[in-house]
Each structure stands twice: as C-alpha cells, then as structure tokens.
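Coordinates in review
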Amino acid sequence: MAAEPLLETRAVSKRFGGVQAVSEVSLKLAPGELRCIIGPNGAGKSTLFKLLLGSIAPDEGTIHFQGRDVTRLQPHERAHLGIGVKFQNLAVYNALTVRHNLLLPLRHQFGSREVEDEIARLLARLNLVGTEDRLVGSLAHGQKQWLAIGMALAMRPKLLLLDEPTAGMGTEESSATGALIQAVTAEGVGAIVVEHDMAFVRELKAPVTVLHYGRVFAEGSFAAIEAHEEVRRIYLGAARSERPRRLRNRQP
Ligand code: ADP
Ligand code: MG
C-alpha cells in the first residue's frame, strides 16, 4: 500500500467574480517532498497558496492533510495540525532581537531549558549564529527572510509553505535559502515553494508544477519543464508584457 500523502488537493477551484483564479488543481505531496509552483503573473499561484494555508476556501474541491479533510479549517487550525507558512511579507518583529523573535513561537511549546536548545538548533539551521542579540531591524534582508522561515520552523511543521522565499535576495543568499529548504525537507518536512526566480527553482532540484490560467499546465523535473516548448511560450509571452523571466533554453 502506498504511503498516505502529506497533502492532497482534489480538483480545487476558486473564482473571483469573472476570474477563474484556480481551476481543478489536483496535487499530491509526500512527507519530506519538495515541490515548486511556478507560472506567469496571474496564473493563480498566490490564490493556490492561500487555499493551502486556509485564508480562503475553495468553491469546489477538497484539501486533505495527513488524510484529514481540512478544506474548511481556518489558518490557525491548519497551523495547529502542522501546516507552517512563510509569507512574502515578513512576520518578524524588527524592534525585537533575533532571540526574542524565536522565543515567541517557542515559549508556548517548551520549558526554559529546552527553549535554549531549540534556539541554538534554529540559529545553526538558519545561518544566524552570532546574531541572537541583534535587533531584527538591523539584519540584512536575507537574514530576515531566514528568521521568518525559522519562525515557521519553530512550530515544528510537517508541511512548510513558502511564498517567494528569495524575493529581494542576491545569488548567494538565494543559494543559502535553497540549502536551508533542502535540509528541512531532508528531515521529513514537506515543502511547497511558490517562486518567480527560475535560477532558484533550478537550484532546488525539485519537481515543478506550472500553473497557467489557474490550471496545472505542466508537471515534471526542472529540466523537463525548462525544455517544455509550451511552457517556454507562456513565459516568453508573459515576459513581453510583464517582466523578463530567467528561463533559459538549455537544449543543444
Ligand atoms: P499569481 O500569484 O500567479 O500572480 P493570483 O493567484 O494572484 O496569481 O491571481 C490569479 C487571478 O485571480 C488573477 O487574474 C488575479 O487578478 C485574480 N485575483 C486574485 N485575487 C483576487 C481577488 N482577491 N479578487 C479578485 N481577483 C483576484
Ligand atoms: Mg502571486
């Protein structure tokens, strides 16, 4: 018998007025699996992300988490079950220290000695050793992003949802973020990354789901997606009217 998926969406759809933002999207994610969701602007990525975290409910279709139907559960109820989220807009407190930020999610779960171990573990994982007493407002942008991921990890999620985790990052910071996400999934946490940055998606070496007009347009390895004529066409079409994408032709 195949292992139960960590997450499964069955034909979820969401309409806003006349716009079918997400259309019959069916996805499965196993524990420890990493998946990237890409697509041109307006493809439905953010809407799908919101459906997964629970800030909006689908018009049709269901979302199952560890076999349980969570379609109608609120974000905090899903968080309680083990769905952690890092939003694009960072939920970190600039006026508090790194340590204090991490304490906020940790103090409810651990006694005082365990909290110290957890903080040490997270700082090491997040490349933030030595920053614990600094105010978050003084950190580099990438460091803040890692802390935001750490705030989600502090809840020990089974599934981590990441919306554009490398937004505003340089190449080195992006690579470090990729390594962080890979380390987290290697420990058995499933992760879904919604991302624009193709160089980063390539580095993650994870299966890719391409959305287009709300539908699953293509699925496969990055190499397969990159070589996919139709995917290239929708991205090039988008690049003309929006902003350029770094989807390079690597075919001979
Ligand atoms: P992406 O994140 O891939 O750029 P979105 O999920 O934000 O795409 O949007 C998908 C479509 O749904 C777009 O046409 C967008 O204009 C529309 N849309 C998204 N959110 C809303 C909303 N709250 N109200 C009306 N239309 C929306
Ligand atoms: Mg979006």
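**What about the domain arrangement of the chain?**
Along its sequence, the chain is carved into domain 1 (1–82 + 158–252) and domain 2 (92–156). The gap between the C-alpha centroids of domain 1 and domain 2 is 26 Å. On the side of domain 2, 14 residues touch domain 1, which itself brings 14 residues to the contact. Roughly 1,100 Å² is buried in total at the junction of domain 1 and domain 2, and carbon and sulfur atoms are behind 65% of that figure. For domain 1, the biggest contributors to the area lost against domain 2 are Leu160, Glu173 and Leu180; these three give 38% of the whole. Here Glu187 and Arg125 are joined by a salt bridge, their closest N and O atoms 2.8 Å apart. Here domain 1 is connected to domain 2 by four residue pairs in polar contact (both at pLDDT 80 or more). It is helix H6 (residues 171–186) that provides the largest number of residues to the side of domain 1 that touches domain 2, a total of six residues. Here the residues of the side of domain 1 that touches domain 2 sort into nine nonpolar, two polar and three charged.

**Some words on helix H1 (residues 45–53)**
Extensive coverage of H1 is indicated by the burial of seven of its nine residues. Buried residues of H1: Lys45, Thr47, Leu48, Phe49, Leu51, Leu52 and Leu53, and no others. Following H1 by one or two positions, Gly54 has its phi on the positive side, about 100 degrees.

**Thoughts on the environment of His108**
You can see His108 is positioned in the loop between helix H3 (98–106) and helix H4 (112–125). His108 sits 52 residues away from Ile56 along the chain, and the two C-alpha atoms are 27 Å apart.

**A closer look at the site of ligand 1**
Taken together, Phe16, Val19, Ala21, Pro40, Asn41, Gly42, Ala43, Gly44, Lys45, Ser46 and Thr47 make up the full set of residues adjacent to ligand 1. Ala43 is positioned with one of its backbone polar atoms (N or O) 3.1 Å from an oxygen atom of ligand 1. A distance of 3.0 Å is found between an oxygen atom of ligand 1 and a backbone nitrogen or oxygen belonging to Gly44. Its free accessible area being 560 Å², ligand 1 has 60% of it covered by the protein chains. At the level of secondary structure, the elements contributing two or more residues to the shell around ligand 1 comprise strand S2 (19–29) and H1. If one sorts the elements of the shell around ligand 1 by residue count, H1 sits on top with three residues. For the shell around ligand 1, a count of residues per class yields five nonpolar, five polar and one charged.

The rules we used
- Residues numbered from 1 in each chain as written.
- Chains lettered and ligands numbered in written order.
- Predicted model: local features only at pLDDT ≥ 70, side-chain atom pairs only at ≥ 80, totals over all residues.
- Heavy atoms only, no water.
- Domains from an automatic or database assignment.
- Contact = heavy atoms within 4.5 Å.
- Buried area = accessible area lost by both parts, 1.4 Å probe.
- Salt bridge = Lys/Arg side-chain N within 4 Å of Asp/Glu carboxyl O.
- Polar contact = N/O pair within 3.5 Å; in protein donor to acceptor, adjacent residues only side chain to side chain.
- Helix = DSSP H or I, 4+ residues; strand = E, 2+ residues; numbered from the N terminus.
- Nonpolar A, V, L, I, M, F, W, Y, C, P; charged D, E, K, R; others polar.
- Buried < 20%, exposed > 50% of the residue type's maximum accessible area, 1.4 Å probe, protein only.
- Near = heavy atom within 4 Å.
- Areas by Shrake-Rupley, 256 points an atom, 1.4 Å probe, with all protein chains shown as cover.

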